[in-house]
Amino acid sequence: MFYNNPIYNFLLDRKSSSEILFIPESLWGGDPDNGKKIVDGFMNFYGESILFNKETWKKNKGSKHWNEELFCFDWTKDVKALGTNKARIFLRDNIKEWLKLKNRWDPFSWEIKVLSKRLCFLMSNMSFFYETADENFQKKFTKSLNKQAIHLLNVYKKKKLGSEKIFTAKAIIISALSFRNLSSKLKVGIKLLIDILRSDIMEDGMHYLRSPSEHFIFLQSLIDIKNYLGTSRVVIPKELNENIYKMASTLKFFKISNGELAIFNKFQYVENHQVTEVLKRSNSKLKTPGSLKSSGFERINENRLTLIMDCGIPSEEKTHASSLSFELSHGTEKIVVNSGSPFVNNKELNEAMRSTAAHSTVSIDNINSSDIFFGKNTTTRLAKVWAEKLELDNNFWINSAHTGYKSLFGLIHNRKIHIDSKNLIVRGQDYFSRPTKSYNMTPKKLFLRFHIHPDVKLSATTSKKKVVLKLKNNLGWEFICSEPKIEINDGIYFGEKKIMKKNNHILISERIVPNKKIKWLFRIIK
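These figures come from a predicted structure and were not determined experimentally. (Residues numbered from 1 in each chain as written. Predicted model: local features only at pLDDT ≥ 70, side-chain atom pairs only at ≥ 80, totals over all residues. Heavy atoms only, no water.)

### Side note on the overall build of the protein chain
Here comes step 1: Counting its secondary structure elements, the protein chain contains 15 helices and 19 strands.
Here comes step 2: By the compact-globule yardstick of 24 Å for 526 residues, the protein chain fits well, its C-alpha radius of gyration being 25 Å.
Here comes step 3: Dimensions of the protein chain along its principal axes, counting C-alpha atoms only, are 75 × 45 × 45 Å.
Here comes step 4: When each of the 526 residues of the protein chain is scored for burial, the buried share is 56%.
Here comes step 5: When contacts within the protein chain are restricted to residue pairs at least 6 apart in sequence, those whose partners lie at least 24 apart make up 66%.
Here comes step 6: Total accessible area computed for the protein chain in this model is approximately 23,100 Å², and 51% of it derives from carbon and sulfur atoms.
Here comes step 7: The distance from the centre of the 86 positive side-chain charges to the centre of the 54 negative ones in the protein chain is 2 Å. (Helix = DSSP H or I, 4+ residues; strand = E, 2+ residues; numbered from the N terminus. Rg over C-alpha atoms; globule rule 2.2 N^0.38 Å. Buried < 20%, exposed > 50% of the residue type's maximum accessible area, 1.4 Å probe, protein only. Contact = heavy atoms within 4.5 Å. Areas by Shrake-Rupley, 256 points an atom, 1.4 Å probe, with all protein chains shown as cover. Lys, Arg positive; Asp, Glu negative; His and termini not counted. Charge placed at Lys NZ, Arg CZ, Asp CG, Glu CD.)

What follows is the structure, encoded as structure tokens:
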């Protein structure tokens, strides 16, 4: 391979410069508790814990995903958060080790996504360990950053960039602002940024993966870029400002009363103070929308009751079969949830958490409402979704349907929800209609699930028509169903910071009869 040729490395070295004009500063703090663990020799990514020392850079037992995180250097912000001289020396020592072993192209640690992130994270945190370093370290470090940025500019057009392409645009922009020999490349980074904004952000301001946490990470990068450009006294592109304002408004849509983000599609836990900080720095004066028409979400927030529902077509990339699922909270207490995404590197668990059964909706014979694949896009069966929201006084209605099961069973899933916000009652009905007589498989049973937050305690009555829910704040709610077939089953919940919790879900299963309505309600016990 050409990049592995010593001549290519020689040319990169000859072109690279250690002269740095601008040292960017990260706006976002790290986690000092995790930083202490790292300095003490304990590195954990995706549930994998590896003893960390200088030998780890040469060889370790971590998975590919674990090593991507290691070589991205995102963890430097956590070590920086310690603020100690020991932490500075630790970072310099490890960067020296990396430079000794990896300061030339290799197919893994110089892969575009890893390289882009490394440039972003090292450069935005470098003031902590760079300014007090000796001149020899400073020159070697900045020359290496410059060398890596030149390679990135050589290759970024040659490969299809994935969902994290915003880091490539940010890396090019930050490098062009920081290094004199790359200053002419600023327009390249700005053009790539604008192209990404036009391709990845929907008309309603939502990121194309339809994930609140992915949306948050993308918006964070936009605010970074705006900050770097402004600090360098470069005119902020109008399109960048407009997208920050619009995306911040959309982020508010998914923020529930406890300050966290609702769980839809690929999920990564975000601390509520981080959400608050991003919204503050966005400086958006746009109101929180009640509906996101392009991405397909509905929100009702009235009398401390919040319901957010997925009424959109799933994304082809990293598909979650979550059509017509919803989350429900009262005040700061979550009640009905989706199960979240595992923070561990496990194929089976990842697929399970993307399944219809892991969401608060209905499945047929435990088959997903859209096809999901591990490591590739869904180009086969994706549910088409229709929805409308109506409002009168203190009452709201969401009428919706999806075609996910039409090609298999000839059935359309219909879900109607009525929210009486004054009396704190959520009524729903689910049924399957059959618009066509032709279908490939005969459906047997439906499975209606409501995943309940781990802090809520459940007890079912002997009639199997009612469940009493006791919230953490000791308020009582009840769930009632028209079918005397309620079961309370165990489950797992990945909606908190790197913790897997056991929870319960309410399950109603029965033989499918087209157009038979299963009616249910959640209401507060007064």
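### Description of the nonpolar core
Among soluble globular proteins, nonpolar side chains are generally buried collectively.
Here comes step 1: The biggest cluster of nonpolar side chains holds 99 residues, and the ones touching the most others in it are Trp75, Phe129, Phe141, Leu193, Leu222 and Phe254.
Here comes step 2: In contact with Phe129, other than residues within four places in its own chain, are Arg88, Leu91, Arg92, Ile95, Leu122, Phe137 and Phe141.
Here comes step 3: Among the nonpolar cores identified, the runner-up in size contains 45 residues, and Leu324, Val362, Ala383 and Phe396 belong to it. (Core = buried A, V, L, I, M, F, W, Y, C linked by side-chain atoms within 4.5 Å.)

### Quick look at the pattern of salt bridges
Here comes step 1: Inspection of the entire model under this criterion finds 34 salt bridges.
Here comes step 2: A salt bridge links Arg180 to Glu19, with the nearest nitrogen and oxygen atoms 3.1 Å apart. With Arg180 in the loop between α9 (166-178) and α10 (186-200) and Glu19 in the loop between α1 (6-15) and α2 (32-39), this pair connects stretches of sequence that are 161 residues apart.
Here comes step 3: Salt-bridge contacts for Lys389 lead to Glu298; the nearest nitrogen and oxygen are separated by 3.8 Å. Taken together, the positions of Lys389 in strand β9 (residues 385-392) and Glu298 in strand β4 (residues 297-302) put the pair 91 residues apart, joining distant regions of the chain.
Here comes step 4: With relative accessibility at 23%, the residue Lys389 sits in the partly exposed group.
Here comes step 5: Each member of the salt-bridge network shares a partner with another, and the members are Glu68, Lys113, Lys117 and Glu164. (Salt bridge = Lys/Arg side-chain N within 4 Å of Asp/Glu carboxyl O.)

### Focus on the environment of Lys157
Here comes step 1: Tracing the chain through its elements places Lys157 in the loop between α8 (135-155) and α9.
Here comes step 2: Lys157 gets classed as exposed once you look at its relative accessible area, which sits at 70%.
Here comes step 3: Spatially, the C-alpha atom of Lys157 lies 9.8 Å from that of Leu192, the residues being 35 residues apart in sequence.

### A closer look at a positive patch on the surface
Here comes step 1: Together, Arg14, Lys15, Lys157, Lys185 and Lys187 line one region of the surface with positive charge.
Here comes step 2: Checked against the element boundaries, Lys15 lands in helix α1.
Here comes step 3: Owing to a relative accessible area of 53%, Lys15 belongs among the exposed residues under this scheme. (Patch = residues over 30% accessible without salt bridge, like charges linked within 9 Å, V, L, I, M, F, W, Y side chains within 5 Å.)

### With respect to the packing of helix α12 (residues 238-254) against helix α13 (residues 272-282)
Here comes step 1: One can describe the packing of α12 onto α13 by two numbers: an axis separation of 9 Å at closest approach and a directional angle of 145°. In the packing of α12 onto α13, the handedness of the crossing is left-handed. Facing Ile244, Tyr245, Ala248, Leu251 and Lys252 of α12, the residues of α13 in contact are Val275, Val278, Leu279 and Ser282.
Here comes step 2: Along the lines of polarity and charge, the residues of the contact of α12 with α13 split into 7 nonpolar, 1 polar and 1 charged. (Axes fitted to C-alpha atoms, helices over the stretch in contact; angles between N-to-C directions. Left-handed = near helix turned anticlockwise from the far one by under 90°. Nonpolar A, V, L, I, M, F, W, Y, C, P; charged D, E, K, R; others polar.)

Keep in mind that these numbers describe shape and distance, not what the molecule does.
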